[in-house]
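Examination of the molecular architecture
Listed below, chain by chain, are the residues.
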Amino acid sequence: MAGTATRVIVPVTEVAAEAYKAVFGQLGLLFDRAWLPLLIMLAATLLPGYLHSYVGLLDFPKWGNGAIGFGLEDVIEALAGLLCLSAFAVRWYQTILFPADHGPPKSIFLGAWTRFLLYTLLLYFVSAILLSA
């Protein structure tokens, strides 16, 4: 028996069905995890136009020229989107990966979010370098 290899039969269809249910069976948590990031992104999108139209701020600074130019409102939207969507992604993956009865430990969110932001900014930076060349 020591010289023979043991065979393990993995039920692929059952494992795939359980993985599918683990990820897509919790879509009810989507609104629970996404409402605050969506509200912040909505405010970041609407607030510069509100300040421009109703408060009387006429000109926001603009950088660049032509089709590649961007303004302060674009920077605000991009920063809010980066922070909110990455925080949502980290919370969603932690919800999926940790059991519902215990939940993810509160102490690991900040480290995971920081790593996610660094990876995202690194990819943005590399993409910007490739597009500018």
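Residues numbered from 1 in each chain as written. Predicted model: local features only at pLDDT ≥ 70, side-chain atom pairs only at ≥ 80, totals over all residues. Heavy atoms only, no water.

**What about the side chain of Gln94?**
On the secondary structure map, Gln94 appears in helix α3 (residues 72-97). For Gln94, a relative accessible area of 9% corresponds to the buried category. For Gln94, the residues in contact, after removing those within four places along its chain, are Pro104, Ile108, Phe109 and Ala112. (Helix = DSSP H or I, 4+ residues; strand = E, 2+ residues; numbered from the N terminus. Buried < 20%, exposed > 50% of the residue type's maximum accessible area, 1.4 Å probe, protein only. Contact = heavy atoms within 4.5 Å.)

**What to know about the packing of α3 against helix α4 (residues 109-132)**
Viewed as axis vectors pointing N to C, α3 and α4 meet at an angle of 130°, and their least axial separation amounts to 9 Å. Our classification of the angle between α3 and α4 gives oblique. Two packed elements cross with a definite hand, and for α3 against α4 that hand is right-handed. Residues Leu82, Leu83, Ser86, Ala87, Ala89, Val90, Arg91 and Gln94 of α3 pack against Phe109, Ala112, Trp113, Phe116, Leu117, Thr120, Leu121 and Tyr124 of α4. Grouping the constituent residues of the contact of α3 with α4 by class yields twelve nonpolar, three polar and one charged. (Axes fitted to C-alpha atoms, helices over the stretch in contact; angles between N-to-C directions. Parallel < 35°, antiparallel > 145°, perpendicular 65-115°, else oblique. Left-handed = near helix turned anticlockwise from the far one by under 90°. Nonpolar A, V, L, I, M, F, W, Y, C, P; charged D, E, K, R; others polar.)

**Observations regarding a nonpolar patch on the surface**
Together, Trp35, Leu36, Leu39, Ile40, Leu42 and Leu46 make up an exposed nonpolar region whose accessible area comes to about 600 Å². For Leu39, the location among the structural elements is in helix α2 (residues 29-55). Note on Leu39: relative accessible area 47%, which makes it partly exposed. (Patch = residues over 30% accessible without salt bridge, like charges linked within 9 Å, V, L, I, M, F, W, Y side chains within 5 Å. Areas by Shrake-Rupley, 256 points an atom, 1.4 Å probe, with all protein chains shown as cover. Salt bridge = Lys/Arg side-chain N within 4 Å of Asp/Glu carboxyl O.)

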